[in-house]
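Spelled out from the first residue to the last, the chains are:
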Amino acid sequence: MFSFESITNKPRRSAAERRADAAAWMRGDHGPSGYTYGVSKLVTGLMVVGGLLYMPTGGWGLIICLVVAIMALIGRRMLEHQAIGDFSDMHEAREQFTRTGNREYLAFIIARGEQMLSDNKALRPASKAEISELLTWAHAKTN
């Protein structure tokens, strides 16, 4: 007899779990999250608006919406790559401090973490919490 468990070695999920996943998908909280918020809802909205503006504007409304959507995607990609690099640098500084005891690494973590919190408004709450943990750790080590 065929069963889902025989293929995946995982038990079938309950209806409540599937409903919770569907609700998360509707909110846009599905898939890999990354450090910054996604722009999928904005891009989808721009595509709808572009479709509605296609006939009245002779196609120019659609082109403008597509350009703005591409700019949003590129901007999110740039912010995500910057955040990935910054988190990598801060975690490396933490490891180097524990290895060498050089206090300049703590100053770097504090300066970079505070700058990220003040400059990057697209950070997800989990990313902000991770920065706060790094800042708390660095402040505790400076004292």
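Time to look at the side chain of Glu80. With respect to the helices, strands and loops of the structure, Glu80 is situated in helix H4 (residues 60–100). Residue classification places Glu80 among the buried residues on the basis of a relative accessible area of 10%. A distance of 2.8 Å separates a polar side-chain atom of Glu80 from the backbone nitrogen of Tyr35. In contact with Glu80, other than residues within four places in its own chain, are Gly34, Tyr35 and Thr36.

This part is about the packing of helix H3 (residues 40–53) against H4. Between H3 and H4, whose axes approach to 8 Å, the crossing angle comes to 170 degrees. Considering their axes alone, H3 and H4 lie roughly antiparallel with respect to each other. Across the interface between the two elements, Leu42, Val43, Leu46, Met47, Val49, Gly50, Gly51 and Leu53 of H3 pack against Gly61, Leu62, Cys65, Leu66, Val68, Ala69, Ala72 and Leu73 of H4. By residue class, the composition of the contact of H3 with H4 is 13 nonpolar, three polar and no charged.

This part covers the confidence of the model for the protein chain. Looking at the protein chain, the pLDDT average stands at 88 and 87% of residues meet or exceed 70. Looking at the elements of the protein chain, mean pLDDT is at its lowest for helix H1 (residues 4–8), recorded as 55, and at its highest for helix H5 (residues 104–119), recorded as 96.

The next subject is the nonpolar core. Formed by 15 residues in total, the largest nonpolar core has its most connected members in Phe87, Met90, Ile109, Ile131, Trp137 and Ala138. At the level of elements, H4, H5 and helix H6 (125–142) are the ones that each hand at least two residues to this core. Apart from the residues within four sequence positions on either side, Trp137 is in contact with Arg94, Phe97, Thr98, Leu106 and Ile109.

Moving on to the packing of aromatic side chains. Under the defined criterion, the tally for this structure stands at two aromatic pairs. Between Tyr35 and Phe87, the ring centres sit 4.1 Å apart and the planes meet at 10 degrees, which makes this aromatic pair stacked. Taken together, the residues Tyr35 in the loop between helix H2 (15–27) and H3 and Phe87 in helix H4 connect sequence positions 52 residues apart. Residue class for Tyr35 comes out partly exposed when judged on its relative accessible area of 23%. Plain terms: the ring middles of Phe97 and Trp137 are 5.7 Å apart, the flat faces sit at 85 degrees to each other, and that makes the pair edge-to-face. Placement of the pair is Phe97 in helix H4 and Trp137 in helix H6, with a sequence separation of 40 residues. You'll find Phe97 and Trp137 in the same group, each marked buried. Over the ring of Trp137 we find Arg94; its NZ or CZ atom is 4.6 Å from the centre of that ring.

This brings us to the packing of H5 against H6. Where H5 contacts H6, the axes come no closer than 9 Å and their chain directions differ by 150 degrees. H6 is crossed by H5, and the crossing has left-handed handedness. Along the contact surface, H5 presents Leu106, Ile109, Ile110, Gly113, Glu114, Met116 and Leu117, while H6 presents Lys128, Ile131, Leu134, Leu135, Trp137, Ala138, His139, Lys141 and Thr142. Here the contact of H5 with H6 is built from residues that sort into ten nonpolar, three polar and three charged.

Let us now look at the environment of Leu62. Note that Leu62 resides in helix H4. Of the residues examined, Leu62 reaches a relative accessible area of 25% and is grouped as partly exposed.

Rules used throughout
- Residues numbered from 1 in each chain as written.
- Predicted model: local features only at pLDDT ≥ 70, side-chain atom pairs only at ≥ 80, totals over all residues.
- Heavy atoms only, no water.
- Helix = DSSP H or I, 4+ residues; strand = E, 2+ residues; numbered from the N terminus.
- Buried < 20%, exposed > 50% of the residue type's maximum accessible area, 1.4 Å probe, protein only.
- Polar contact = N/O pair within 3.5 Å; in protein donor to acceptor, adjacent residues only side chain to side chain.
- Contact = heavy atoms within 4.5 Å.
- Axes fitted to C-alpha atoms, helices over the stretch in contact; angles between N-to-C directions.
- Parallel < 35°, antiparallel > 145°, perpendicular 65-115°, else oblique.
- Nonpolar A, V, L, I, M, F, W, Y, C, P; charged D, E, K, R; others polar.
- pLDDT = per-residue confidence, 0-100.
- Core = buried A, V, L, I, M, F, W, Y, C linked by side-chain atoms within 4.5 Å.
- Phe/Tyr/Trp six-rings, centres within 6.5 Å; stacked < 30°, edge-to-face > 60°.
- Lys NZ or Arg CZ within 6 Å of the ring centre and 35° of its normal.
- Left-handed = near helix turned anticlockwise from the far one by under 90°.

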